[in-house]
Amino acid sequence: MLTEDSRARRILSEVFGYAAFRGQQEQIIDHTCGGGDSLVLMPTGGGKSLCYQIPALMRPGLGVVISPLIALMQDQVAALREAGVRAAALNSALGWPEAQKVERQVRAGELDLLYVAPERLLQERTLAMLGALPLALFAIDEAHCVSQWGHDFRPEYIQLAVLAERFPEVPRIALTATADAATRKEILERLGLREARVFISSFDRPNIRYRVAEKANPRKQLLDFINKEHPGESGIVYCLSRATVEAVAAFLERQGVAALPYHAGLDSATREDHQERFIREDGRVMVATIAFGMGIDKPDVRFVAHLDLPKSVEGYYQETGRAGRDGLPADAWMVYGLSDVVQLRWMLEQSEAGADHKRVTATKLDAMLGYCESVECRRVRLLDYFGEAITPCGNCDNCLVPPEVWDGTEAARKLMSCIYRCQEASGFGFGAQQIIDVLLGKRTVKVEQHGHERISTFGIGAELDAGQWRSVVRQLVMQRLIEVDHERFNVLRLTAGSREVLRGDRVLRLRRQRAQALGRRKERRPVDTARVAPSGEAVGAVAGPENEAVYQALRTWRMETAREHGVPAYTVFHDSTLHAIATELPRSLEALHGVSGVGVTKLERYGKQLLAIVEQTAGS
Ligand code: ADP
Ligand code: ZN
């Protein structure tokens, strides 16, 4: 007879086609199969789903998965069915006859997994139906939705505590990718998970490469980035305003990038259509405000770009976390500049929020700025923010091309004196452009008009160029050593902090980014560094380069198959599986079964077709 452990591993391999468990998956499955409750904290892409899907297949009875996102539910059910699992969903998107059919299947014990929206579950009729059946488990996905302070709060989630009373014998497993301790506590309390074991994984996403660049010509920078590094691939571009979203999407479209806009100002049919196309089609770029993304489960998003500064590290981490869920290399790419800082600070000052709220928001923004200007490993910085200590990663811009740190005290003094002298000479202040022209000794019309060529700071800053001066200005503003008056033509002003620098009480270390030679060409294979996934497993060691022709042929086949079945392409096979096939070039069903992501059902369904493609395209 098989032990529980080997049964779980057999399901992993036969149904899902994977060779080994990741991280704590096996312990979690074990704990749930033994009837225990748990709270699972794992980053996006960490592999939460298997933690309840496998126990649901192992334990007698129906596994009930509560999920707030209907669109996501459909895709998960589609993916499970592709793998041969008997799954269905019950939610408001279903018509009456379809819902009837699902309920009939539930009653007849014909399902292993039922996905259900919380409001549907809480209807007495549903609870009564479930009460009459053997149940394997309840999985509560996106469990942070119980948190009243979080932005994903769903009132029905609080009522899920009723499950503990009505089904005391059924193990419950709550899952979330939200890391902080306060949310964790709230979940345990509100869901009545008193005895639950808490499983916390590392929140590191080693396959994501973090990069931050100075904003010069953002659209062109973005276009270059996409064309050079991600042509024809899926990505998300985040912008702050609806207007920017529209403009950037139209710009990309004109330049031949398949882009779609998404923001709360579009009607819901358009939003849905764009989201649907982004998820189903290969190589779409979604340009969006932060209204987009919750519950986007697309595994092959190759990059997340920020054209505007996010307001907090939490937000940034969540947004960038949507890249590379499949574990293949992905980029988190951002440009930011002085105007971002000025604008966000100004918006904050203008807001009607109370003093406490403003203070918290300002602190969060400062942490985000600190991240942008940091000279150390980005990942160290990010994870430190979430209370996790790691060593430098080797896969961020600062690790790959360490920025120079220089003593900017003298430069800062020159800049501050120049701000002061210009103001003194004219009786009013000036913006960065004028101050920099004066420092560089440029006799522009505006310089001469104000007689600034005659003041003592004219031409004292020739050792730096205009770009370097802008970077000094930005870093000083960020540290509040000077400020920008947003209401008066973005005039620069001295602050209390300026005095300290001018008096010589403060040494300034500034950052200088070296020319970025970070672009990576089409390198789609799993990162082959010594980095390991949260699990401890190497992120992917793959033999030899793949056969590009086979890979493209497989992609075309996948697209057609997905269309025929009316499912997203990735539910047929993930990119990583197609890479592996194009690399290993299997010639028999047996060899194909050894490829990660090819389970028994998919082998039966698609095996022959795949072998034919390899045969025809790779030759013999
Ligand atoms: P989460 O819900 O935590 O964001 P998922 O459950 O969607 O993550 O898993 C992320 C991806 O990793 C999925 O494509 C899944 O198939 C894959 N995956 C999960 N566990 C394993 C494993 N043990 N081996 C290989 N791939 C896995
Ligand atoms: Zn690093």
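See the structure above.
Residues numbered from 1 in each chain as written. Chains lettered and ligands numbered in written order. Predicted model: local features only at pLDDT ≥ 70, side-chain atom pairs only at ≥ 80, totals over all residues. Heavy atoms only, no water.

K.L.:
Explain the packing of helix H19 (residues 409-426) against helix H20 (residues 432-440) to me, please; I cannot follow it from the model alone.
P.N.:
Packed helix pairs are specified by the crossing angle of their axes together with the interaxial distance, meaning the distance between the axes. Between H19 and H20, whose axes approach to 10 Å, the crossing angle comes to 110 degrees. Here H19 is positioned roughly perpendicular relative to H20, judged by the angle of their axes. Touching Lys-414, Leu-415, Cys-418, Ile-419 and Cys-422 of H19 are Ile-435, Val-438 and Leu-439, all from H20. Looking at side-chain class alone, the contact of H19 with H20 contains seven nonpolar, no polar and one charged residues. (Axes fitted to C-alpha atoms, helices over the stretch in contact; angles between N-to-C directions. Helix = DSSP H or I, 4+ residues; strand = E, 2+ residues; numbered from the N terminus. Parallel < 35°, antiparallel > 145°, perpendicular 65-115°, else oblique. Contact = heavy atoms within 4.5 Å. Nonpolar A, V, L, I, M, F, W, Y, C, P; charged D, E, K, R; others polar.)

K.L.:
What is the right way to look at the coordination of the zinc ion (ligand 2) in this model?
P.N.:
For a metal with four donors in a tetrahedral arrangement, the ideal angle between donors is 109.5 degrees, while six donors in an octahedron ideally sit at 90 or 180 degrees. Within the protein, the zinc ion (ligand 2) binds to Cys-377 (SG), Cys-393 (SG), Cys-396 (SG) and Cys-399 (SG); these donor distances fall in the range 2.3 to 2.4 Å. In primary sequence terms, the donor set of the zinc ion (ligand 2) follows C-x15-C-x2-C-x2-C. Separated by 19 residues along the polypeptide, Cys-377 in the loop between helix H16 (355-373) and helix H17 (378-385) and Cys-396 in the loop between H17 and helix H18 (397-400) bring together distant segments of the chain. Taking the relative accessible area as the measure of exposure, Cys-377 reaches 6% and is therefore buried. (Donors = N, O, S within 2.8 Å, 3.2 Å for Na, K, Ca; no water. Buried < 20%, exposed > 50% of the residue type's maximum accessible area, 1.4 Å probe, protein only.)

K.L.:
Could you clarify how one ought to interpret the side chain of His-144 in this entry?
P.N.:
Its location among the elements puts His-144 in the loop between strand S5 (135-140) and helix H8 (155-158). On the basis of relative accessible area, His-144 is assigned to the buried category, the value being 9%. When near neighbours in sequence (up to four residues on either side) are disregarded, His-144 contacts Asp-152, Thr-176, Thr-178, Thr-183 and Ile-187.

K.L.:
Looking at this structure, how should I read empty space enclosed by the protein?
P.N.:
Unoccupied space between atoms shows up once a probe the size of one water molecule is rolled over them. Scanning all chains against the criterion turns up five cavities of 30 Å³ or more. Along the wall of the largest cavity there are eleven residues; nearest its centre are Glu-233, Ser-234, Asp-300, Arg-555 and Asp-575. Counting residues domain by domain, the lining of the largest cavity receives three or more from each of domain 2 (208-403) and domain 4 (542-618). (1 Å grid on protein atoms, 1.4 Å probe; cavity = no way out; pocket = protein on both sides within 12 Å on 5 of 7 lines; lining within 4 Å. Points joined across faces, edges and corners; volume = space filled by probe spheres on them. Domains from an automatic or database assignment.)

K.L.:
Can you help me understand helix H14 (residues 313-320) in this one?
P.N.:
Residues that lie three or four places apart on an α-helix share one face, since the helix turns once every 3.6 residues. Burial runs high along H14: six of the eight residues are buried. Restricting attention to buried positions, one finds in H14 the residues Val-313, Gly-315, Tyr-316, Tyr-317, Glu-319 and Thr-320. Its buried side turned inward, H14 meets strand S8 (208-214), strand S9 (235-238), strand S12 (303-306), strand S13 (330-336), H16 and H17.

K.L.:
So what exactly am I meant to see when it comes to the pattern of salt bridges here?
P.N.:
One side chain can pair with another of opposite charge once the charged atoms of both are near each other. Inspection of every chain in the model, using the stated rule, returns 46 salt bridges. For the salt bridge of Arg-512 with Glu-404, the shortest nitrogen-to-oxygen distance reads 3.5 Å. Placement of Arg-512 in strand S17 (residues 509-512) and of Glu-404 in strand S14 (residues 404-407) is noted, with a sequence separation of 108 residues between them. Lys-414 is the salt-bridge partner of Glu-463, the closest N and O atoms lying 2.8 Å from each other. In this pair, Glu-463 is assigned in the loop between helix H21 (445-449) and helix H22 (466-478) and Lys-414 in helix H19, connecting sequence segments 49 residues apart. The class of Glu-463 is partly exposed, set by a relative accessible area of 47%. By relative accessible area, Lys-414 is classed as buried at 18%. Connected through salt bridges with shared partners, the residues Asp-282, Arg-302, Asp-326, Arg-558 and Asp-575 form a single ionic network. (Salt bridge = Lys/Arg side-chain N within 4 Å of Asp/Glu carboxyl O.)

K.L.:
Is there a simple way to think about the sheet that holds S12 in this case?
P.N.:
As summarised here, the arrangement of the six strands in space is S8-S13-S12-S9-S11-S10, forming an open sheet in which the pairing is parallel. Only two strands of the sheet have a single neighbouring strand rather than two, namely S8 and strand S10 (259-262). When the angles between neighbouring strand axes are averaged without regard to direction, this sheet yields 15 degrees. Examined bridge by bridge, S9 and S12 share four bridges and lie parallel to one another. Its bridge partner lying in S12, Gly-235 is registered against Phe-303. Each of S8, S9, S12 and S13 touches helix H11 (residues 218-229); the most contacted strand, S13, lies at about 165 degrees to it. (Pairing = 2+ DSSP bridges.)

K.L.:
Looking at this model, I keep getting lost on the nonpolar core. Mind explaining?
P.N.:
What tends to happen in soluble globular proteins is that the nonpolar side chains get buried as a cluster. With 107 residues, the main nonpolar core has Leu-121, Leu-130, Phe-138 and Leu-415 as its most contacted residues. Examining the composition of this core, we find that seven residues originate from one element, H19, more than from any other. Discounting chain neighbours no more than four positions away, the residues touching Leu-130 are Leu-62, Val-64, Leu-121, Leu-135, Phe-138 and Phe-167. Counting residues in hydrophobic clusters, the runner-up holds 32 residues, among them Leu-12, Ile-28, Cys-33 and Tyr-115. (Core = buried A, V, L, I, M, F, W, Y, C linked by side-chain atoms within 4.5 Å.)

K.L.:
Just checking my understanding: could you explain the packing of H11 against helix H12 (residues 242-254) for this structure?
P.N.:
Where H11 meets H12, the closest approach of the two axes is 11 Å, and the angle between their N-to-C directions is 45 degrees. Considering the angle they form, H11 stands oblique to H12. The handedness of the crossing between H11 and H12 is right-handed. Contacts from Arg-219, Leu-222, Leu-223 and Ile-226 in H11 reach Ala-247, Val-248, Phe-251 and Leu-252 in H12. Taken together, the residues of the contact of H11 with H12 break down into seven nonpolar, no polar and one charged. (Left-handed = near helix turned anticlockwise from the far one by under 90°.)

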